[in-house]
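# Structure at a glance
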Amino acid sequence: MKALFITSIGDPEKKTMGTIDMKEVPIPEPGPEEVRIKIAYASICGSDPHTLRGELGPMRPRILSRLPIRTGHEISGVIDAVGEVAAANGFKVGDRVTANYSKPCGTCYWCHTGREGLCKQAKASADGMAEYVSWHMSQVYKIPENVTLRQACMTEPMTIALNAVQTAQVSFGKKVAIFGGGGIGLMALQLARHAGASKIVVFELAESRQKMALDLGADAVLNPNDPNVSETIRKMTNGLGFDCIIDSSGASSAAQSTLDMLAPDGNVVFFAMYKPDFDLKVNLFSQMYLQQKHIHGMYTSSDCFPKTIEMLPLVNLDAIAEKEYSLDEYKAAFDDAVSGKYAKVIFRVAGE
Ligand SMILES: [Zn+2]
Ligand SMILES: [Zn+2]
């Protein structure tokens, strides 16, 4: 079968780019607790361009030592072979599924206390840009009939958007700011509306994404470099600032500006891949002590899969998946993903 490999990664100092290649590998046989999924769609993650540029911070040496590596962790497909334990657990050939690339160990302190994102022994299945994968049954979720496989390949990034909206404590009447109108930002925008936000502002530089944010329900789109931006925010928020801020931009300047725009007792969430040497400046006396602002960090969101799947039909994902390629067109697909021109680039592998 065909599978994509990252064959080299770039050097952020020299601004070089890594390389992707397609190779022929054997179709994986499922173990007793695994199911084999014939991949329908696989989407390119916002983290993939970072990996290609080598912007991996402390993870860089480990990735370098393991090259070439398989890639792809946002998938959907149809089960075409089932291990015997997985069959006893209700999985069968023909099931339409999506999956969580992360398989927390289930036995450590963090797993036992419901914080699987912190599990150090979590296994990552990142071999999804291929024709088939065999993943553990605990990673696999059936999808409802009213969700297409094309939409379902974006479940994993939507768990991140949903977790960010939850962590920012979006609820009825809250004023919300979202930095970055990429795939996750545009999902968070729609989920924040469902969660009851009364006003949602998206900060975005690119015109095409500004338009999409408005089409998908943003009340306003602001250019963060506009000199009048603080006055506009003051007017929109009755001088208080935003109750909830979600930074899906990963830009250091955006991250730094969030604390000033945050209302007292507001919640800001950071989960993007920032520059590894970027330190956020916080004034502990005024921002933390007097204004009681809350800063949250977030990584994976394994516990959010069931509710994200429930929300899939309520979010316009077709608009977000702006570009679609076959697996053979991987070079063009990754060029587009790296360019940042499109909210989301996806591979149609076997299709619906
Ligand atoms: Zn991802
Ligand atoms: Zn664990």
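Look up a bit, the structure's there.
What you see is a predicted model, and the numbers here were worked out from it, not measured in a lab.

The next thing to look at is the overall build of the protein. If you tally the helices and strands in the protein, you get 13 helices and 18 strands. Its C-alpha atoms give the protein a radius of gyration of 20 Å, within 12% of the compact-globule value 20 Å for 352 residues. Summarising its shape, the C-alpha atoms of the protein cover approximately 60 × 45 × 40 Å along the three principal directions. Here the protein holds 352 residues, and 51% of them are scored as buried. In the protein, the share of contacts with a sequence separation of at least 24, taken over all contacts with a separation of at least 6, comes to 70%. Element-wise, carbon and sulfur atoms account for 52% of the exposed surface of the protein, whose accessible area totals about 16,100 Å².

Let's shift gears to the coordination of the zinc ion (ligand 1). Distances from the zinc ion (ligand 1) to its protein donors, Cys45 (SG), His73 (NE2) and Glu74 (OE), fall within 2.1 to 2.4 Å. Written as a sequence motif, the donor arrangement for the zinc ion (ligand 1) is C-x27-H-E. For Glu74, a relative accessible area of 1% translates into the label buried.

Each strand in a sheet pairs with another by means of backbone hydrogen bonds, the pair being arranged parallel or else antiparallel. Ordered in space as β13-β12-β11-β14-β15-β16, the 6 strands form an open sheet in which the pairing is parallel. Where the open sheet ends on each side, the last strands, each with one partner, are β13 (220-222) and β16 (294-297). Here the strands of the sheet are splayed against their neighbours by 20° on average, with no regard to which way each runs. Sheet topology note: the strand β15 (residues 262-270)/β16 ladder contains 4 bridges and is parallel. Its bridge partner being in β16, Val269 is matched across the sheet by His296.

Distances from the zinc ion (ligand 2) to its protein donors, Cys105 (SG), Cys108 (SG), Cys111 (SG) and Cys119 (SG), fall within 2.3 to 2.4 Å. Every donor counted, the 4 donor atoms about the zinc ion (ligand 2) form angles of 103 to 117° at the centre, which fits tetrahedral coordination. Considered as a linear motif, the donors of the zinc ion (ligand 2) on their single chain read C-x2-C-x2-C-x7-C. One end of the pair, Cys105, is in the loop between β7 (102-103) and α4 (109-112); the other, Cys119, is in the loop between α4 and β8 (123-124), with 14 residues separating them in the sequence.

Let's shift gears to the environment of Asn163. With respect to the secondary-structure elements, Asn163 resides in helix α6 (residues 155-167). Taking C-alpha positions, Asn163 is 9.1 Å from Thr308, a pair spaced 145 residues apart along the chain. Dropping the residues within four chain positions of it, Asn163 is found in contact with Met298, Thr300, Ser301 and Cys304. Here the side chain of Asn163 touches Ser301 through a polar contact of 2.8 Å, side chain to side chain.

It is the contact of α6 with helix α7 (residues 183-194), at a shortest axis distance of 8 Å, that shows an interaxial angle of 50°. Judged by the angle between their axes, α6 and α7 are oblique. The element α6 and its partner α7 pack so that their crossing is right-handed. Where α6 approaches α7, its residues Pro157, Met158, Ile160, Ala161, Leu162 and Val165 are matched on the opposing element by Ile184, Met187, Ala188, Leu191 and Ala192. For the contact of α6 with α7, the residue count by class is 11 nonpolar, no polar and no charged.

The next subject is helix α9 (residues 229-236). Inspection of α9 places Val229, Ile233 and Met236 among the buried residues, and these make up the whole buried set. All buried residues of α9 fall inside an arc of 65° around its axis, so they share one side. Facing away from the buried side of α9 by more than 90 degrees, the exposed set consists of Ser230 and Lys235. Tucked inside the fold, the buried residues of α9 contact β11 (175-179), β12 (199-203), β13, β14 (242-247) and α10 (252-261). Backbone geometry just after α9 places Asn238 at a positive phi near 55°.

About the criteria used
- Residues numbered from 1 in each chain as written.
- Chains lettered and ligands numbered in written order.
- Predicted model: local features only at pLDDT ≥ 70, side-chain atom pairs only at ≥ 80, totals over all residues.
- Heavy atoms only, no water.
- Helix = DSSP H or I, 4+ residues; strand = E, 2+ residues; numbered from the N terminus.
- Rg over C-alpha atoms; globule rule 2.2 N^0.38 Å.
- Buried < 20%, exposed > 50% of the residue type's maximum accessible area, 1.4 Å probe, protein only.
- Contact = heavy atoms within 4.5 Å.
- Areas by Shrake-Rupley, 256 points an atom, 1.4 Å probe, with all protein chains shown as cover.
- Donors = N, O, S within 2.8 Å, 3.2 Å for Na, K, Ca; no water.
- Pairing = 2+ DSSP bridges.
- Axes fitted to C-alpha atoms, helices over the stretch in contact; angles between N-to-C directions.
- Tetrahedral: all angles 85-135°; square planar, octahedral: opposite > 155°, others 65-115°.
- Polar contact = N/O pair within 3.5 Å; in protein donor to acceptor, adjacent residues only side chain to side chain.
- Parallel < 35°, antiparallel > 145°, perpendicular 65-115°, else oblique.
- Left-handed = near helix turned anticlockwise from the far one by under 90°.
- Nonpolar A, V, L, I, M, F, W, Y, C, P; charged D, E, K, R; others polar.
- Arc of directions from axis to C-beta.

By themselves, these are just geometric observations and shouldn't be taken as functional.
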